[in-house]
Each structure stands twice: as C-alpha cells, then as structure tokens.
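Here is what each chain is made of, one letter per residue.
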Amino acid sequence: MKLFASVLCLCLGGVMLAQNSQTPAFRNTKLPIEERITDLIGRLSLEEKAQQLNHLNQGIPRLGIPMWGGWNQTLHGVWSKQPTTLFPAPIAMGATWDPGLVHTVAEKMSDEARALYNARADGPRSRHGLVFRSPVINISRDPRWGRIQEVFSEDPLLTSRFAVAYIRGLQGDDINHLKLAATVKHFAVNNVETGRQHLSAAVDERNLFEYWLPHWRAAIMEGHAQSVMSSYNAINGTPDAVNHYLLTDILRKKWGFDGFVTDDLGAVHLLTGGGNNRNSSEPGQRWSEDPVAAAAEAIKAGNDSDDAEFEKNLPLAVKQGLLTEKELDGAVRNVLRVGFRLGAFDPPEASPYARLSMDVVRAPEHLELAQKLAAKSLTLLSNRQSFLPLHRDAVHRIAVIGPAGGEEYETGNYYGTPAHKTSVVAGLKQLLGDSVRVDFAQGVGFVEQVNGEEMEKAISLAKQADVVILCLGTNARVEAEGHDRRGLDLPGYQENLLEAVFAANPKTAVVLMNAGPIASTWAQDHVPAILEAWYPGEFGGTAIARALFGMDNPGGHLPYTVYASLDGVPPQNEYDVSKGYTYMYFKGVPLYPFGHGLSYTRFEFSDLKVSPGPVTQNGKISISFDVQNSGELTGSEVPQLYTHQRASRVAQPIKSLRAFERIELKAGEKRHVEFTVPVKDLAYYDVTRHDFIVEPGIFDVMIGASSDDIRLRGSVRVGAAATATKSPVKN
C-alpha cells in the first residue's frame, strides 16, 4: 500500500507538473504584467482583440477570460439594481473643502462596488465589472451648466485635490493590485450640454494649460487614474475622440498615462454625424462619412475603447488597410494592462479584495458616513442677528414649506433609485419628537404651475408657525445631463412662494437644495438666514435638521462663485476664462464669493509669517499664521491661501487659490496653520516656450475665509527683479 501510494503521488505530481508546464504565461502571476499581456495578445484572434475593446464585452470563454469591464457608475454611490449607500452629490463633496473625507467616501463606495462584483450582481446595464466611470473632474466654469451636480468646483486646484483623493480612494494604493479602476471624465474642455455632441470649443493654448488641464494632470500623475473618458465635443475643430494632440501628445507623452482611453458612449459613432446610440436626434461631429475609417482614426489618436462600433468595425479597418494590427494591439495592451492590475485574469483567491462580501453594502458605518458628508457640506450663506441656530425651547410649531421640503427633494443623477430618503420634514420630526409640531406644504412645485389651494395652505401654515423652514431649489428637470439652465434665478414659481411666505411670517430660514448657483438676491436682502444644502443624499433631512437646531455647526464653503446675475458673465461659448469667468477673473460683485461660508461661531486670523525673499525658483514658500475660535461653539473654518503676481509680462488672474485646509476648533481654541507652496506652482504658461515658467517678481500673499474675505496680507519676492524687454503688466 505504501509503495502504491508513493507511485500514485508521483503520478499525480507528474500530472500536476505537466499541467503547470502547460499553464499559459498570461495566467502566471509571478511574471511581469507586460509579459503576461504579450502572451495573451498572441492568443487572440483579430475579432477577439476588437471584442476586448468593447467595454460591454462578455469575455472570451475559450480562454476562461471573464467580463471585467462593464458600464459601472459610482458618482456618489454605486449604481446597482441592489440598494447601495447614497452619498451627497459631488458638488456637495466639493463644498466640504475636505479631500480626506472624500477619500474615505470613495473607499467605502469601492468596497461596495467590489462586493457587488464578487457576488456577480447586476448593474444598470451589465453585470457589475471593475471599471467605474467616475469621478467627473470637469470644471464648473459656467454657472448655467447642467452637470454642475457631478463636479467638485470651478477652481483647478480645488478640483485637483478632490480628484486625486477620490481616485486613490476608489482604486486603492497599490497600482498593481487595484480594487477598482477609475475613469476620469470627460476629457476635455467639456462643460456645455447644449449641442454637446457636435460643438467645438475654441480654446487658446494658455487657457488650455492653465485652466482646463491642471486637474487632469493631477488626476493622472498624482492620482494614477487608470482610465480616461474622451468627451463628445471637439477642441478647436478636432473631436476629442480622435484628438491625437490631446490623447497622445499630452495625456501619454507629457503626463505618462499608461491606462486606457474610452470614449463617451457612442462618440465614435457620432464621428459620422448621426445621433448617438441612445436614439438622440442631435447631430454628431461629421468627422468622417465612413464608420470604419472613424474607428481606425480613433485608435490611431489614442482612443482605446468604445462600444459595439469598435467590435464591429476594427477588424474591417485592419482588413481594409486603414489600421495595422500592431496599432490595434497597442490599444488592446492598454486595456488589458488595467485588467491585469485589477486581477481580472488571476484566481479569485489571489486578490486581496476577493473576501469583500455583500455585508459591506449599506453597512452601518457607510450610512453614518453619508450623514457626516451631508453635515459637513452644509454651507451657511447668511445669518442676520444670529437667527440660526434655532432654540428648541422657543419653537413649538414649525412650517416646512417648499418643493424640496418633502420626499421629492433631488438626490442627483448616476445613482438609480434611492433605498432610503430622509426629508427635511422627517429629519425635524425625528430630531424634535412630539414636543414640536411640524407641518408641511409644498406650496409650489419645482417648475410646475401654481396650485392656488396649495399656495393658500402654505401661507396659512406660515402664519401659524413659530418659524418657517422654506426649502427651495432645483431638480433634474431644471439642471441635468443634456440640458443647461437658462438663468440663475429660482426656477418656476418658487420666487413667488418665497416672497408670499416671508410676508406671512418673517421668521423664515431658507434652505436651498440645488447643484448650480442660485442667485436669489431677494432672499439675501430680506430673509434672516440662508443655508445651502446641495443635493444631500439619503440623510439630507437629518443633517439639515441638526444644523438648524445647532446640533451641528455648518462649516461648508462654496466651491464656486454665486453671481448676483448673468451681468458680466460671458456667454457659454466663450472658453477664455480671463474674459470674466470665476473668482479668478470676474470683476463684478458676486452675490456670494468663491470660498464663502459662515459659521455659528467666529474665527480670528493673526500672526502671518511669509518666507523672507527672494525665494529661488526651485525653492518653496512657507506661510504660517494662527486661527482662533473666538466664539462660544465648536466650529470648522477653511483658511484659504491666494496669491497674485503684481507685475508680469502677461495679464494674471486677480487671485489664485494655492492652498487650503479645513480645521475644526473648540470654543477658544487656537491653531497654528502652515502652508508650503513650491515656487513652480506660481508659474504661468508661456505660449512662446510652450511650457510653464515662473517669472521673477513680487507675489502678494493673501489668507482669507473666502476669495473676497481676506484677513491677512503679505508678500514674497521670487528670484531677481524682472528683466523682460517688454514692459510688465500691472495686475
């Protein structure tokens, strides 16, 4: 028996050795990824290569290759057929000025996403894969843009910090063992919805590199995003899906990107001028009359992935001589590289994330985090005579009025149907219990015609209440993908409701629940308090109620400028931001400036110290100061560092954000804050050198609680005095 067992073991061992010797190299986890990719590409037919470039491919069963990409979204919660945690929209994330918090949120979303993949759960359009089309890092240059809810800010630096935090949270820290792959979108110069599938953005070189691309560079070079989505629009006449300068010269050669580019859904099809594959009647770019040639041009430009257009047309492009198989292999390599980093071709047990189960989906800590993010995003816009916080012992009856006060409040797109929503009415009832009566009347809809009976009910409740919480704002009918806003006023008949309710009861606090800026100048002039709550996720009402009654102290700050009107704001087709867009160039008086946010307590700034100059161009500028909570409540402040170059060869921004930090201080507490700014960050883009340069000179240093509320001022000299032959421009 012992001899038989020994022989059996030898035989089995021989079989195992034989099997191991026949294991394909692409399955060998000990080999370098590039060797594994080469082996796998060599095993694929032309048609299978093209299939791998369809993001909705079903894998290659004959090689045991699974579906691993898919159409997945995790903008502010995983979009799935199963309930997942719904977080506040990205514009609310931006209002926190807390990238560390957003990093944690992205980590929790990625846990849920990986668990859904492990469970082979169904997503909105396919079984869940590992490539997620988030975050959106476009920039909210124009206040009318319909997709502001999806982005972080109007400022390149603030956007870049959130982009990097989100990407790293989603993907994990190990580039060779990714949890998910982030797809940053939409690359680039994309923030107009009207005509988005055929418009061309006219952008000069300096604007492109100074304003439109810095956050993309950070997402690639710091965040190491694994995928980039090219946008529908063209830049200076060349559609982004076939823009070699954008996708290859800048993205790969300048920034070293080694992931894959995918186009926005149907963009390659749109190159032939027709509507996209979602039955849109909007015309496309009309780049080519031949869909096969369009697909080949997209690959050559650096657009590696598409949908069924690639799977159908790329084999034909190779056979017709429009594309070499080597060029096709390059795109396949870019896509597969991300798949290997995700462990999609490895045994499940080899992945450190294989044990994530459905228990993490809507885990208690995730729900708590959703409420925390909502609370930290709340931004106090005005608060005359400390109207807020409300005192519980002085309030016995509350009227919640407005279209956003009930369960119809907007939660944002790219999520699906929320499993749970806490309205302002519900949040107040939960917080106050039976001791305070909470009544509700919608008054008017977001955009609908006035209902006389409903309006009368709202006014009647307002008259009977000790205080009114007037919840106004927008929804997907007002601002969303596919359509921009026409103006900045409250939509529909909400302004009528506002004025009527205030006349009935001046003890009214307005709660705004919106994405893009709302220019309610009447409310600012009359209403004692205005709280911006954004699209606050599933626990919006809980967070708002707690803030109204002082359980939490609002500490959010505006991630964009709120203009008083469109006067002085350039038209949407003006892509030169120096013509008057954003806090950097707007010369008018905004309703609320970029970075603005009040508190229930007071903060004092003092003792500014700036590095003695001159600082070399390879050096760093050190700035330090103190912030003290001089009030009686714990609160959060966001000290913001801005600079301005006094004289330059070219016109410079009015001011530019260089650093920020959200800090929480107890009553009476003082914190020493230090910022370090590399001198290279003060560079401007020189169109004669086609590169960034730092021009020697004096830079004003400003520390503020917003871009307009500057508390401390200093200056620093960089390098020697300017020696330009052209007279410097005083900025």
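Shown above is the structure to which this text applies.
1. Concerning the overall build of the chain
What the chain contains, in helices and strands, is 20 helices and 26 strands. Reported as C-alpha extents along the three principal axes, the dimensions of the chain are approximately 90 × 75 × 60 Å. Here the chain holds 731 residues, and 61% of them are scored as buried. Within the chain, contacts between residues separated by at least 24 positions form 76% of all contacts whose residues are at least 6 apart in sequence. If you sum the accessible surface of the chain, you get close to 28100 Å²; carbon and sulfur atoms cover 50% of it. A gap of 4 Å separates the mean positions of the 73 positive and 83 negative side-chain charges of the chain.

2. Quick notes on the pairing of strand E25 (residues 710–718)
Bridging between strand E24 (residues 697–704) and E25 involves eight bridges; their strand directions are antiparallel. Bridge pairing links Phe699 to Val716 in E25.

3. Focus on the environment of Gly69
For Gly69, the position within the fold is in the loop between helix H3 (46–52) and helix H4 (90–96). Residue contacts for Gly69: discarding those within four places in its chain leaves His55, Gly129, Leu130 and Val131.

4. Observations regarding the sheet that holds strand E1 (residues 131–132)
Here we have four strands laid out as an open sheet, ordered E1-E2-E4-E7, and parallel in their pairing. Where the open sheet ends on each side, the last strands, each with one partner, are E1 and strand E7 (260–263). Taken together, the four bridges between strand E4 (residues 227–230) and E7 define a ladder with parallel strand orientation. Each bridged residue has a counterpart across the sheet, and for Met229 the counterpart in E7 is Thr262. Packing of helix H6 (residues 156–171) onto the sheet brings it into contact with E1 and strand E2 (181–187), and relative to E2 it is tilted by some 145 degrees. Against the sheet, helix H8 (residues 214–221) makes contact with E2 and E4, and its axis sits at roughly 165 degrees relative to E2, the strand it touches most.

5. Section: the packing of aromatic side chains
How two aromatic rings sit relative to each other is set out by the distance from centre to centre and by the angle between their planes. A complete count under the given rule lists 22 aromatic pairs for this structure. Aromatic pair Trp534 and Tyr560: ring centres 5.7 Å apart, planes at 75 degrees, arrangement edge-to-face. Pair noted here: Trp534 is in the loop between strand E13 (529–532) and helix H19 (540–548) and Tyr560 is in the loop between H19 and helix H20 (582–585), with a separation of 26 residues, a long-range link. Across the pair, exposure class does not vary: Trp534 and Tyr560 are buried alike. Their ring planes at 20 degrees and their centres at 6.3 Å tell us that Phe605 and Phe625 sit as a pair that is stacked. Of this pair, Phe605 sits in strand E14 (residues 603–610) while Phe625 is found in strand E15 (residues 620–629), placing the two residues 20 residues apart along the sequence. Phe605 sits in the buried class, given a relative accessible area of 10%. The ring of Trp71 is capped by Arg125, whose NZ or CZ atom sits 3.9 Å from the centre of that ring. A cation over a ring is seen here: Arg141 above Tyr575, with NZ or CZ 4.5 Å from the ring centre.

6. Side note on unusual backbone geometry
Cis peptide bonds are those with omega within 30 degrees of zero, and the linkage from Ser134 to Pro135 qualifies with 0 degrees. Within the secondary structure, Pro135 sits in the loop between E1 and H6. Omega for the bond connecting Phe187 with Ala188 falls within 30 degrees of zero, at 5 degrees, which places this linkage in the cis form. Examined against the element boundaries, Ala188 turns out to sit in the loop between E2 and strand E3 (200–201). Even without being a glycine, His224 presents a positive backbone phi close to 55 degrees. Secondary-structure assignment places His224 in the loop between H8 and E4. Of note, the phi angle at Asp607 is positive, near 60 degrees, even though the residue is not glycine. Along the chain, Asp607 falls in strand E14.

7. Description of the pattern of salt bridges
For the structure on display, the rule yields 33 salt bridges. A salt bridge links Asp439 to Arg397, with the nearest nitrogen and oxygen atoms 2.9 Å apart. One end of the pair, Asp439, is in strand E10 (residues 437–441); the other, Arg397, is in strand E9 (residues 397–401), and 42 residues separate them in sequence. Because the salt bridges share partners, they merge into one network encompassing Arg147, Glu150, Glu193, Arg196 and Glu481.

What counts and what doesn't
- Residues numbered from 1 in each chain as written.
- Predicted model: local features only at pLDDT ≥ 70, side-chain atom pairs only at ≥ 80, totals over all residues.
- Heavy atoms only, no water.
- Helix = DSSP H or I, 4+ residues; strand = E, 2+ residues; numbered from the N terminus.
- Buried < 20%, exposed > 50% of the residue type's maximum accessible area, 1.4 Å probe, protein only.
- Contact = heavy atoms within 4.5 Å.
- Areas by Shrake-Rupley, 256 points an atom, 1.4 Å probe, with all protein chains shown as cover.
- Lys, Arg positive; Asp, Glu negative; His and termini not counted.
- Charge placed at Lys NZ, Arg CZ, Asp CG, Glu CD.
- Pairing = 2+ DSSP bridges.
- Axes fitted to C-alpha atoms, helices over the stretch in contact; angles between N-to-C directions.
- Phe/Tyr/Trp six-rings, centres within 6.5 Å; stacked < 30°, edge-to-face > 60°.
- Lys NZ or Arg CZ within 6 Å of the ring centre and 35° of its normal.
- Salt bridge = Lys/Arg side-chain N within 4 Å of Asp/Glu carboxyl O.

Geometry only, nothing functional implied.
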